[in-house]
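# Chains, contacts and geometry: an overview
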Amino acid sequence: MEHLRARVIVHGYVQGVWYRQSTKDEAIRIGVGGWVMNLSAGTVQALFEGEKKKVEEIIGWCHRGPSGAQVSKVDIFWEPYKGEYKHFDIRYGR
């Protein structure tokens, strides 16, 4: 079973709309590890690790986000899988 690690930056109206909490809920539902946080540029950054199809599924969800979000673009950066994250957390700070 192939595993992936991806870092994404989500652009658009994605802060103040429960994007981080919704990403955490969705990541836990899907079964991927990692974290999500706001960036000072008004974007949201997340790191996902897990089975290939699950990582691809959460990235697909990031293109939509929660109902209040308006996602304009998602940058995806593939990284070597490390297996560091078994849980999914919200990181605070900018």
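This text gives an overview of the structure that appears in the document. (Residues numbered from 1 in each chain as written. Predicted model: local features only at pLDDT ≥ 70, side-chain atom pairs only at ≥ 80, totals over all residues. Heavy atoms only, no water.)

## What to know about the pattern of salt bridges
- A full pass over the atoms with the stated rule returns nine salt bridges.
- Notably, a salt bridge pairs Glu26 with Arg29, separated by 2.6 Å at the nearest N-O pair. Taken together, the positions of Glu26 and Arg29, both in helix 1 (residues 19–30) and three residues apart, correspond to about one turn of that helix.
- A relative accessible area of 17% places Glu26 in the buried class.
- Residue classification places Arg29 among the exposed positions, given a relative accessible area of 54%.
- A salt bridge links Glu51 to Lys54; its shortest N-O distance comes to 3.8 Å.
- Residue Glu51 is classed as partly exposed on the basis of its relative accessible area of 22%.
- Taken together, the salt bridges that share partners define one network made up of Arg5, Arg7, Glu49, Glu79 and Glu84. (Salt bridge = Lys/Arg side-chain N within 4 Å of Asp/Glu carboxyl O. Helix = DSSP H or I, 4+ residues; strand = E, 2+ residues; numbered from the N terminus. Buried < 20%, exposed > 50% of the residue type's maximum accessible area, 1.4 Å probe, protein only.)

## Digging into the sheet that holds strand 5 (residues 88–90)
- What the five strands build is an open sheet, ordered 4-1-3-2-5; its pairing is mixed. The two strands at the open ends of the sheet, each matched to only one other strand, are strand 4 (70–79) and strand 5. Here the average twist between neighbouring strands, direction ignored, is 20°.
- Seen against the sheet, helix 1 touches strand 1 (3–13), strand 2 (33–38), strand 3 (44–51), strand 4 and strand 5 and runs at an angle of roughly 175° to strand 5. (Pairing = 2+ DSSP bridges. Axes fitted to C-alpha atoms, helices over the stretch in contact; angles between N-to-C directions. Contact = heavy atoms within 4.5 Å.)

## Here we look at the packing of aromatic side chains
- One pass over the structure, following the stated rule, counts two aromatic pairs.
- Here Tyr19 and Trp61 contribute two aromatic rings whose centre-to-centre distance is 5.6 Å and whose plane-to-plane angle is 50°, an arrangement assigned as tilted. Of the two residues, Tyr19 sits in helix 1 while Trp61 sits in helix 2 (residues 52–62), which places them 42 residues apart along the sequence. Residues Tyr19 and Trp61 agree in their burial class; the two are buried.
- Where Phe48 meets Phe88, the ring centres are 5.7 Å apart and the plane angle is 15°; that geometry is what we call stacked. Of the two residues, Phe48 is situated in strand 3 and Phe88 in strand 5; the sequence distance between them amounts to 40 residues.
- For Phe48, a relative accessible area of 0% corresponds to the buried category.
- On the basis of relative accessible area, Phe88 is assigned to the buried category, the value being 3%. (Phe/Tyr/Trp six-rings, centres within 6.5 Å; stacked < 30°, edge-to-face > 60°.)

## Examining the environment of Val10
- Following the sequence through the fold, Val10 ends up in strand 1.
- We classify Val10 as buried; its relative accessible area is 1%.
- For the pair Val10 and Cys62, spaced 52 residues apart in sequence, the C-alpha separation works out to 7.2 Å.
- Once you skip the residues sitting within four places of it in the chain, Val10 turns out to touch Tyr19, Thr43, Val44, Cys62, Val71, Lys73 and Val74.

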